[in-house]
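An overview of the molecular structure
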Amino acid sequence: MTEFTPKTTDYIQRVTDSFGRQAALATMGVRLITIEPGKVIMGMDHDDRFTQQHGFIHAGVTTTVLDTACGYAAFSLMPADAGVLTVELKTSLLALAAGETFVFEGRVLKPGRTITFCEGEAFALNNGTRKRIATLSATMMTVLGRDDVKS
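These remarks concern the structure in this document. (Residues numbered from 1 in each chain as written. Predicted model: local features only at pLDDT ≥ 70, side-chain atom pairs only at ≥ 80, totals over all residues. Heavy atoms only, no water.)

1. A look at the packing of aromatic side chains
As enumerated under the stated definition, the model contains 2 aromatic pairs in all. Between Phe19 and Tyr72, the aromatic rings sit 6.3 Å apart at their centres with planes inclined by 65°, giving edge-to-face as the arrangement. Of this pair, Phe19 sits in helix α1 (residues 11-19) while Tyr72 is found in helix α3 (residues 59-75), placing the two residues 53 residues apart along the sequence. With respect to class, Phe19 is no different from Tyr72; both count as buried. On the basis of an interplanar angle of 65° and a centroid distance of 6.1 Å, the ring pair of Tyr72 and Phe75 is categorised as edge-to-face. Of this pair, Tyr72 and Phe75 both sit in helix α3, 3 residues apart, which is roughly one turn of that helix. The ring centre of Phe123 lies 3.7 Å from the NZ or CZ of Arg130, which sits over that ring. (Phe/Tyr/Trp six-rings, centres within 6.5 Å; stacked < 30°, edge-to-face > 60°. Helix = DSSP H or I, 4+ residues; strand = E, 2+ residues; numbered from the N terminus. Buried < 20%, exposed > 50% of the residue type's maximum accessible area, 1.4 Å probe, protein only. Lys NZ or Arg CZ within 6 Å of the ring centre and 35° of its normal.)

Structural data, given as structure tokens:
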């Protein structure tokens, strides 16, 4: 994996603070596990409130958390006065989202001044087995000079 250098020394605190303002993720019980330059890992326990009609975690939930993990991976490399927004994303659902817990990994593939390319993977953990359930590719935009889009 490529190593990246963050533009701020407080990138962990910036990601943590911004994550703390994510009401939707708090409702879903999503937690930060790892924050590194260009990489963020999040976790979530199975919760019936976020399943679809067959009892699997809903694809929209999986996509939401992967999008957020990728967004924060990109954000970890942005300047102090930047915000981050998703420009586009594609999710591929590879297996049923059935598990006791879930892990969502977001990684920067190529950072840029304005546009950053990321990829994400979601895993279901069940009885000690880890299974890849989804991938996501995303383009993130660095947003500067807007009071309504801040860290």
